[in-house]
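# Coordinate inspection notes
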Amino acid sequence: MKFLIVLALIAAAAAEHKPLTHEQADQVRHAWDKVKHNEVEILHEIFKEHPDIQNKFPQFAGKDLETIKGEASFATHATRIVSFLTEILSLAGNPDTIPAIKTRVNEMGQNHRNRGVTKEQLNEFRHTLTDYVKHHGSLDGDAEQAWNQAFDCIYEVIFSNLDGHPVV
Ligand code: HEM
């Protein structure tokens, strides 16, 4: 029995994604800096490609995307998402700030679990966001690898909340 527990612990540790080095975090921040002021465009792209995500928002569900795009509540929400990512990325690449990142991402994951957001929707979001950065900023080679590693780490924490077992 003890042996099985040890094996399970090793497997859990191995599954954890590697935190970013300082250099990788700089590469990700650099890519993000090029698009982070396009918050409305980013949210518009996500809703356009995935109406199921738009429909999870009580204030936007079933509404014409081109109309709501011009509304203040749309800009407010777009800014909330972008600021959240900017905050997390500003903390990345430093072992001392990993607990702070986990706290913030656990909070976000818990809120989204309570809203019934699915892993599939979160993956759709990630995919569209990554494409946006590729096409409107730049993302290739080591920077792309670092970007994917960053999202693997963030999503591991979000998904652990959706599963009901937050990473601590
Ligand atoms: C993929 C599907 C997603 C759905 C359906 C979704 C849905 C929502 C909804 C309904 C709200 C509440 C809005 C309000 O009360 O005005 C919200 C808030 C928020 N979302 Fe999302 N969201 C998604 C993904 C994400 C992702 C990937 C991020 C960040 C990377 C994010 C960041 C936030 C933040 C920072 C807030 C405000 C704080 C909070 O209440 O949690 N969301 N989201």
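Residues numbered from 1 in each chain as written. Predicted model: local features only at pLDDT ≥ 70, side-chain atom pairs only at ≥ 80, totals over all residues. Heavy atoms only, no water.

### So, the pattern of salt bridges
Inspection of every chain in the model, using the stated rule, returns nine salt bridges. Across the pair R29 and D26 runs a salt bridge, and its minimum N-O distance is 2.9 Å. Within this pair, R29 and its partner D26 are both found in helix α2 (residues 22–33), separated by three residues, close to a single helical turn. Between E45 and K48 there is a salt bridge, with its nearest N and O atoms 4.0 Å apart. You can see E45 and its partner K48 sitting in helix α3 (residues 39–49), three residues apart, about one turn around the helix. Judged by its relative accessible area of 47%, K48 falls in the partly exposed class. (Salt bridge = Lys/Arg side-chain N within 4 Å of Asp/Glu carboxyl O. Helix = DSSP H or I, 4+ residues; strand = E, 2+ residues; numbered from the N terminus. Buried < 20%, exposed > 50% of the residue type's maximum accessible area, 1.4 Å probe, protein only.)

### What to know about the coordination of the iron atom of the ligand
Here the protein supplies the iron atom of the ligand with just one donor, H112 (NE2), and that contact is 2.1 Å long. Within the secondary structure, H112 sits in helix α7 (residues 98–114). (Donors = N, O, S within 2.8 Å, 3.2 Å for Na, K, Ca; no water.)

### What to know about the environment of K36
Tracing the sequence through the fold places K36 in the loop between α2 and α3. Along the backbone, K36 and F47 are eleven residues apart, and their C-alpha atoms lie at a distance of 17 Å. When neighbours within four sequence positions are excluded, K36 is seen to be in contact with V82 and T86. Among the polar contacts listed, one links the side chain of K36 to the side chain of D33, at a separation of 2.9 Å. (Contact = heavy atoms within 4.5 Å. Polar contact = N/O pair within 3.5 Å; in protein donor to acceptor, adjacent residues only side chain to side chain.)

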